[in-house]
Amino acid sequence: MKLTEEMKAKVESILARMTLEEKIGQMNQESPSIVGGFDVPFSELIEMLTDGRLSQEEFEKLMSTAKQDFHEDEIRAGLVGSVMGNDPRKANELQKIAVEESRLGIPLIIGFDVIHGLRSVFPIAIAEAGSFDDALFEETAHMAAKESRAHGISWNFAPMIDVAHDSRWGRVSEGPGEDVFLGSRFARAKIRGLQGDTSSEQNYVAACTKHYVGYGACEGGRDYNTVSMAPNQLFNTYLPTFRAAMEEGAATAMAAFNDLNGVPCTVNRYLLRDILKESFGLQGFVVSDANAIRECVIHGIAADDEDAGVQAANAGMDMDMGTHIYKDHLKKAVEDGKVSMEVIDEAVRRILRVKVWLGLFEHPYVPEDVIEAYEKGIPAGHAQLSRKAAQESVVLLKNEGGILPLDSAAKVSLVGTLADSVDEVTGAWAMGWKKEDCVTILAGMKNSGLDVAYYPCAGPEGGLNEDELEAATANGDVIVAIVGETTAMSGEASSRADLTLPGRQKEMLEKLLASGKPVVTVLMNGRPLALGWEAEHLPVLVEAWHLGIQMGNAVADVLTGAVNPSAKLASSFPAGNGQCPVYYSHPSTGRPAGKSKFTSKYLDAPAEALFPFGYGLSYTTYEYSDLKIDEKEDCLKISVRIRNTGSRAGTEIAQLYMQDVAASLVRPVKELKGYQRVFLEAGEEKEISFGLPKKEMGFYDNDGKYRLEDGLFRIYAGTSSRDVLCGEIFVSFKV
Ligand code: GLC
């Protein structure tokens with residue numbers, strides 16, 4: 001977000017004319033509230049739904065008749081700065097009230113969760129990150145920005161850039177995985193894609209980097225749980241993606257629900273003011289997460305709503321998402337001297353700067369022709385881009401016996417309820433897509449011309465139909481089994497303590513194997529799963545995640561060989577539940593896992609991940625050789641040769657890692673420092689090179705000070721975090 005002096009001046013002139021109530025109004029975000037007609041309060045209704053006293057159907061019937069309050073009167077009075085929603089006509093209606101009926105005509109900034117696409121949903125982030133394709137990250141974000149604006153949304157609550165090491169946490173699905181380097185490159189590309197094309201106000205939105213900060217380190221992988229860590233961990237693992245996003249000009253940030261070392265992020269002055277605004281240079285504003293200001297009372301850091309509001313405002317929280325605490329209490333807090341007018345003015349200035357930068361004053365409405373175009377369908381090219389992103393996100397984990405690619409003449413028995421469930425292809429945090437745009441795996445396989453018969457058999461929600469199973473094994477030459485998680489089993493508030501396949505899916509796989517027919521297993525899931533048994537017994541394992549509206553076509557493209565899979569894992573897969581958290585960039589410890597009893601491992605499980613970060617196979621094979629390390633004045637130049645030793649062309653994601661062997665703090669055994677997508681024809685060999693700037697070879701100490709320390713470094717290059725060539729070099733940083 002680049003502000004011109006003219007934009008800043010416009011903001012100051014508006015600010016100077018605002019009353020205190022109007023200023024506080026800008027700090028208030030409203031969501032449509034449900035009113036009327038219930039015998040019980042709406043919150044009780046939600047509880048009844050959650051504990052099963054009310055069925056989903058009964059709830060939806062009630063909701064379809066309920067009246068929604070869009071807070072028109074408060075908007076007209078200038079007491080609302082932002083609303084949430086994705087209906088373009090409703091957006092225009094509310095915007096018209098703000099612009100034409102409020103005293104100062106300040107437009108609303110309309111926000112929505114467009115995490116991986118709105119209408120043209122593309123893969124969940126943990127999948128897309130596995131493409132290691134920065135251009136793709138940016139392209140899909142740009143598409144999401146255009147679709148957002150077409151629906152009245154000028155503020156995406158994205159990208160989610162929480163590094164996470166524990167896959168029990170359901171929100172692993174929403175972020176770029178376990179690695180800080182990949183996560184930072186992902187963050188930068190997403191900011192460029194969302195905010196970069198300011199050629200028209202239809203093409204860009206304000207990004208909202210979230211959840212600031214450390215949310216992915218919630219204890220036990222249990223969502224919303226407490227977070228404690230040493231300062232060096234905060235600075236080396238959890239802050240870098242936000243630093244990168246701020247360097248890229250991210251307009252806004254959302255504070256995380258969790259406390260960090262005892263202080264909830266929502267009221268954490270050190271995090272919000274000292275680091276995010278002062279040190280990282282946030283240009284726009286910080287918004288709380290939903291209801292998070294009120295939850296500071298429940299955290300036990302605030303006595304009541306007013307106290308929570310005062311603490312949040314003074315800590316640097318500029319906008320209140322959904323609690324009305326700012327609207328109800330800040331005026332009195334200012335009059336009582338608990339919150340200064342400078343604090344209010346700074347928050348409002350930041351909010352207005354984003355609105356001015358978005359061009360909302362000049363173009364507050366969605367043009368009617370744009371709305372009508374989307375009512376007819378998604379724009380040309382969007383489905384193709386979703387399909388390309390999906391193709392590049394599929395990870396081949398195992399392919400024994402050459403079962404894949406499928407023989408085009410084979411009779412395929414397709415099994416698993418996930419194969420034909422249009423509601424599961426888009427994954428967590430996808431709202432705004434239409435069923436008619438979605439391609440299931442069954443539909444995709446039919447589209448590819450395969451002779452496929454479908455047998456539901458079993459799914460994540462339980463049950464196993466033996467008759468269908470018998471028919472599937474009797475009738476097919478090859479069996480393709482789709483197993484995994486429903487969309488609801490990952491995402492927010494979806495932590496799982498047991499990461500094995502839910503329901504009787506494993507039992508189905510065992511029976512399929514027992515038939516003696518070749519079995520191809522495709523995973524549809526939102527997080528790494530504990531696949532110890534599957535990896536040992538199944539001949540073929542394909543990780544297809546939740547790939548978006550084009551999932552079916554992309555999976556068929558890979559299974560038929562039309563596309564040679566190239567993706568790698570952005571998060572390690574555990575062999576069993578007890579391994580969590582498991583990740584590659586761990587410290588050595590003084591007794592790294594080894595044959596001796598007295599080393600760091602388990603008696604009943606392997607110490608290392610089942611499938612490590614950066615792992616993924618291809619229909620061809622690659623060989624690395626000839627690693628060279630040359631020291632230049634300000635960087636290391638690392639080169640390595642890669643040869644395609646198989647029989648078909650492919651794209652390999654070559655990875656560069658380093659290890660600071662001896663430093664003033666223990667450092668990870670490996671840290672990703674570079675990656676490249678390398679296309680190679682069958683038999684072709686290329687020498688590729690990486691530049692590793694010396695200034696990127698340091699780390700933060702427990703005072704948050706960045707340190708570059710002379711010493712021995714190991715340099716690794718290879719096909720995964722585990723399968724690498726290694727070289728060593730002594731580096732002196734004294735220039
Ligand atoms: C949710 C999520 C956050 C989302 C917000 C608005 O609770 O934590 O990621 O952007 O509410 O929907």
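Residues numbered from 1 in each chain as written. Predicted model: local features only at pLDDT ≥ 70, side-chain atom pairs only at ≥ 80, totals over all residues. Heavy atoms only, no water.

Asker: What exactly am I supposed to notice about the overall build of the protein here?
Answerer: The number of helices and strands found in the protein is 23 helices and 27 strands. Over its C-alpha atoms, taken along the principal directions, the protein stretches across nearly 75 × 70 × 50 Å. Side chains of the protein give 74 positive and 107 negative charges; the mean places of these two sets differ by 4 Å. (Helix = DSSP H or I, 4+ residues; strand = E, 2+ residues; numbered from the N terminus. Lys, Arg positive; Asp, Glu negative; His and termini not counted. Charge placed at Lys NZ, Arg CZ, Asp CG, Glu CD.)

Asker: What is the right way to read the site of the ligand from this model?
Answerer: Taken together, Asp113, Phe157, Arg171, Lys210, His211, Met254, Phe257, Asp289, Ala290, Met321, Trp429 and Glu492 make up the full set of residues adjacent to the ligand. Between the ligand and Arg171, the relevant distance is 2.8 Å, taken from an oxygen atom to a side-chain nitrogen or oxygen of the residue. In the environment of the ligand, an oxygen atom lies 3.0 Å from a nitrogen or oxygen atom belonging to the side chain of Glu492. Here the ligand has 310 Å² of accessible area as a free molecule, and 91% of this is covered by the chains. Among the residues making up the shell around the ligand, the classes are represented as six nonpolar, one polar and five charged. (Near = heavy atom within 4 Å. Polar contact = N/O pair within 3.5 Å; in protein donor to acceptor, adjacent residues only side chain to side chain. Areas by Shrake-Rupley, 256 points an atom, 1.4 Å probe, with all protein chains shown as cover. Nonpolar A, V, L, I, M, F, W, Y, C, P; charged D, E, K, R; others polar.)

Asker: What should I look at first to understand the pairing of strand S20 (residues 635-644) in this one?
Answerer: On any regular strand, side chains alternate: one points to one face of the sheet, the next to the other face. Burial of S20 is extensive: seven of the ten residues sit out of reach of the surface. Across eight bridges, strand S19 (residues 622-631) lies against S20 in antiparallel orientation. Along S20, the bridge assignment pairs Ile629 with Ile638. A loop of three residues connects S19 with S20, the two strands running antiparallel in sequence. (Buried < 20%, exposed > 50% of the residue type's maximum accessible area, 1.4 Å probe, protein only. Pairing = 2+ DSSP bridges.)

Asker: It is not clear to me how the pairing of strand S16 (residues 478-484) should be interpreted in this structure. Could you clarify?
Answerer: Of all seven residues that make up S16, seven are buried, and the element is covered over most of its length. In S16, alternate side chains face the same way, and those of Val478, Val480, Ile482 and Gly484 on one face and Ile479, Ala481 and Val483 on the other are all buried. Bridge analysis of strand S14 (residues 411-415) against S16 gives four bridges, and the strand direction is parallel. Each residue of the ladder has a partner; that of Val412, found in S16, is Val478. Strand direction decides the pairing type here: S16 and strand S17 (residues 519-524), joined by six bridges, are parallel.

Asker: Teacher, can you tell me more about the packing of aromatic side chains here?
Answerer: Any aromatic ring pair is given by two values, namely how distant the centres are and how the planes are angled relative to each other. For the structure shown, the criterion picks out 19 aromatic pairs. Pairing Trp155 with Phe285 gives two aromatic rings, centres 5.1 Å apart and planes at 65 degrees, and the pair type is edge-to-face. Of this pair, Trp155 sits in strand S6 (residues 155-156) while Phe285 sits in strand S11 (residues 285-287), placing them 130 residues apart in sequence. By the burial criterion, Trp155 is buried, and Phe285 matches it. (Phe/Tyr/Trp six-rings, centres within 6.5 Å; stacked < 30°, edge-to-face > 60°.)

Asker: What's the story with empty space enclosed by the protein in this structure? I'm lost.
Answerer: A water-sized probe, rolled over the atoms, reveals where empty space remains. According to the stated counting rule, one finds four cavities of 30 Å³ or more in the structure shown. In this structure, the largest cavity spans a volume of roughly 110 Å³. Sorting elements by how many residues they give to the lining of the largest cavity places helix H6 (residues 88-101) first, with three residues. Here the lining of the largest cavity is composed, by residue class, of seven nonpolar, six polar and two charged. Taken as a whole, the second largest cavity spans an internal volume of roughly 100 Å³. As for the second largest cavity, its lining consists of Met18, Glu22, Gln26, Ile75, Gly78, Val80, Ala98, Ser102, Arg103, Leu104, Gly105 and Ile106. (1 Å grid on protein atoms, 1.4 Å probe; cavity = no way out; pocket = protein on both sides within 12 Å on 5 of 7 lines; lining within 4 Å. Points joined across faces, edges and corners; volume = space filled by probe spheres on them.)

Asker: Could you clarify how one ought to interpret the domain arrangement of the protein in this entry?
Answerer: Here the protein is described as being made up of domain 1 (22-32 + 70-371), domain 2 (386-560) and domain 3 (622-731). In this structure, domain 2 and domain 3 have C-alpha centres spaced 35 Å apart. (Domains from an automatic or database assignment.)

Asker: Just checking my understanding: could you explain the pattern of salt bridges for this structure?
Answerer: A side chain with one charge may pair with a side chain of the opposite charge, provided their charged atoms come close. On inspection of all chains with the given rule, the structure shows 52 salt bridges. Across the pair Asp133 and Arg677 runs a salt bridge whose closest N-O atoms are separated by 3.7 Å. Of this pair, Asp133 sits in the loop between helix H7 (125-128) and helix H8 (134-149) while Arg677 sits in strand S22 (residues 671-680), and the two are 544 residues apart along the sequence. (Salt bridge = Lys/Arg side-chain N within 4 Å of Asp/Glu carboxyl O.)

Asker: Could you clarify how one ought to interpret the sheet that holds S20 in this entry?
Answerer: One key point about sheets: their strands pair by backbone hydrogen bonds, in either a parallel or an antiparallel sense. Taken in spatial order, the three strands of this open sheet run S19-S20-S23, and their pairing is antiparallel. Because the sheet does not close on itself, it has two edges, and the strands there are S19 and strand S23 (685-693). Across the sheet, the mean angle from the axis of one strand to that of its neighbour is 20 degrees, orientation sign disregarded. Pairing between S20 and S23: nine bridges, direction antiparallel. Bridging from a neighbouring strand, Val640 pairs with Ile688 of S23. (Axes fitted to C-alpha atoms, helices over the stretch in contact; angles between N-to-C directions.)

Asker: Whenever I open this one, the sheet that holds strand S27 (residues 724-731) confuses me. Can you help?
Answerer: Strand order in the open sheet made by the four strands is S22-S21-S26-S27, with antiparallel pairing throughout. The two strands at the open ends of the sheet, each matched to only one other strand, are S22 and S27. When strand polarity is set aside, the average angle formed by the axes of neighbouring strands in this sheet is 20 degrees. As paired strands, strand S21 (residues 650-660) and strand S26 (residues 711-718) are joined by six bridges and run antiparallel to one another. Bridge pairing in S26 links Gln655 to Gly718.

Asker: Sorry, what's going on with H8 here?
Answerer: An α-helical turn contains 3.6 residues, so any two residues separated by three or four positions project in the same direction. Over its 16 residues, H8 runs 23 Å from end to end, which matches the ideal 22 Å to within 8%, given 1.5 Å per residue. Within H8 the residues assigned to the buried category are Asp134, Leu136, Phe137, Thr140, Ala141, Met143, Ala144, Ala145, Glu147, Ser148 and Arg149. The inward-facing, buried residues of H8 abut H7, S6, helix H9 (180-195), helix H17 (368-376), helix H18 (382-391) and S22. For H8, the N-terminal capping position is held by Asp133, with its side-chain oxygen 3.2 Å away from the main-chain nitrogen of Ala135. (Expected span 1.5 Å × (residues − 1). Contact = heavy atoms within 4.5 Å.)

Asker: It is not clear to me how helix H10 (residues 231-238) should be interpreted in this structure. Could you clarify?
Answerer: Counted residue by residue, H10 has six buried out of eight residues, so it is predominantly covered. Here H10 has its buried residues at Asn232, Leu234, Phe235, Asn236, Thr237 and Tyr238. Next to the buried residues of H10 lie H9, helix H11 (240-247), strand S9 (259-260), helix H12 (269-279) and strand S24 (699-700).

Asker: What am I meant to see in the environment of Asn258 here?
Answerer: Structurally, Asn258 can be placed in the loop between strand S8 (252-255) and S9. Residues in contact with Asn258, not counting those within four places in the same chain, are Val213, Gly214, Tyr215, Asn225, Val227, Pro264, Cys265 and His299. A distance of 3.4 Å separates a polar side-chain atom of Asn258 from the backbone oxygen of Val213.

Asker: Even after reading the chapter, I still don't get the environment of Thr651, so can you show me in this structure?
Answerer: By secondary structure assignment, the location of Thr651 is in strand S21. Those residues in contact with Thr651 that lie beyond four places of it in its chain are Ser566, Tyr622, Arg677, Val678 and Phe679.

Asker: What am I meant to see in the nonpolar core here?
Answerer: For soluble globular proteins, the rule of thumb is that nonpolar side chains tend to be buried together. The biggest cluster of nonpolar side chains holds 167 residues, and the ones touching the most others in it are Leu406, Met445, Val480, Met508, Val520, Leu547 and Leu559. Counting contributing residues per domain, this core is built from domain 1 (22-32 + 70-371) and domain 2 (386-560), each supplying no fewer than three. Beyond its immediate stretch of four places on either side in the chain, Leu547 contacts Val121, Phe122, Pro123, Ala127, Ala390, Ser393, Val394, Val425, Ala554 and Val555. Listed in part, the 22 residues of the second largest apolar core include Ile642, Met658, Ile729 and Val731. (Core = buried A, V, L, I, M, F, W, Y, C linked by side-chain atoms within 4.5 Å.)

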